[in-house]
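Next come the chains, spelled out residue by residue.
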Amino acid sequence: MSVTDHRRRRLGIAAGTALLTLGVASCSAIGRTAVGPVTYETPEKRQHQVTLLPVRGCHRFKAPGAVKVNNLTLVDLVMFPTPDCTGNDTTYIPTTLSNQIGPDARPWRSYITIH
């Protein structure tokens, strides 16, 4: 094997190691925050966006809540009409989809992620 082949091989190994390290770091970040934003509209037609969404815990919408939600993340969402993510009147919004409350329905006040 020539000197040039050894250098190419070392360069290939170094590049592969760097890519593997980046891949592991990226996967570990997915466990902490959702990739992509959640956008929502309030009853007053104000638009909001949530980025760097933790994938654990209950998340509150700003008062007075949300009437339309666009889930642009890579995780699914469950909407609640209560501020503490409790109750049975929930709405499931899969990844990259949206939903809007029906007429006379209460706004969503909180949500959780499903990952």
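Within every chain, residues take consecutive numbers counted from 1 along the sequence as written. Selection of residues for local features in this predicted model requires a pLDDT of at least 70, selection of side-chain atom pairs for listing and counting requires 80 or more, and totals for whole chains, interfaces and linings are taken over all residues. Side-chain metrics rest on all non-hydrogen atoms present in the structure, leaving aside hydrogens and water.

Student: Tell me about the overall build of the protein chain, and please be specific about residues and values.
Tutor: When helices and strands are tallied, the protein chain shows one helix and eight strands. In this text, helices come from DSSP runs of H or I with a minimum length of four residues, and strands from runs of E with a minimum of two, each type numbered from the N-terminal end. Moving toward the C terminus, one meets the helices and strands of the protein chain in the order α-β-β-β-β-β-β-β-β. Think of it in three bands: with a 1.4 Å probe and only protein chains considered, a residue is buried below 20% of the maximum accessible area for its type, exposed above 50%, and partly exposed in between. Counting only residues that meet the buried cut, the protein chain has 28% of its 115 residues in that class. Looking at the protein chain alone, contacts between residues at least 24 apart form 61% of all its contacts between residues at least 6 apart. To measure how exposed things are, a 1.4 Å probe is used in the Shrake-Rupley method; for residues, cover is taken only from the protein chains shown. Split by element, the accessible area of the protein chain, about 7600 Å² in all, is 58% carbon and sulfur. Note on contacts: a residue pair is in contact if any heavy atoms of the two residues lie within 4.5 Å.

Student: Explain the pattern of salt bridges to me, using residue names and the numbers behind them.
Tutor: The working definition used for a salt bridge is a side-chain nitrogen of Lys or Arg within 4 Å of a carboxyl oxygen of Asp or Glu. Counted by the stated rule, this structure contains one salt bridge. Residues Lys45 and Glu41 are paired through a salt bridge, measuring 3.6 Å at the closest nitrogen-oxygen approach. A relative accessible area of 58% means that Lys45 is categorised as exposed.

Student: Let's hear about the nonpolar core: which residues, and what values?
Tutor: The biggest cluster of nonpolar side chains holds 16 residues, and the ones touching the most others in it are Phe61, Val69, Leu77, Met79 and Trp108. Secondary structure elements with two or more residues in this core: strand S1 (38–41) and strand S5 (76–80). Met79 has contacts with Phe61, Val69, Asp89, Thr90, Thr91, Ile93, Trp108, Ser110 and Tyr111, leaving out every residue within four places of it along the chain. The criterion is simple. A nonpolar core is a set of buried Ala, Val, Leu, Ile, Met, Phe, Trp, Tyr and Cys residues joined through side-chain atoms within 4.5 Å.

Student: Lay out the state of the cysteines with the relevant residues and their values.
Tutor: Pairs of cysteine sulfur atoms within 2.5 Å are what we label disulfides. This model, assessed by the stated rule, comprises one disulfide. Covalent S-S linkage joins Cys58 and Cys85, the inter-sulfur distance amounting to 2.0 Å. Judged by the torsion about the S-S bond (85°), the Cys58/Cys85 disulfide is right-handed. With Cys58 in the loop between strand S2 (47–50) and strand S3 (59–60) and Cys85 in the loop between S5 and strand S6 (91–93), the pair connects residues that are 27 residues apart, well separated along the chain. For Cys85, a relative accessible area of 15% translates into the label buried.

Remember that the coordinates give geometry; whether it matters functionally is a separate question.
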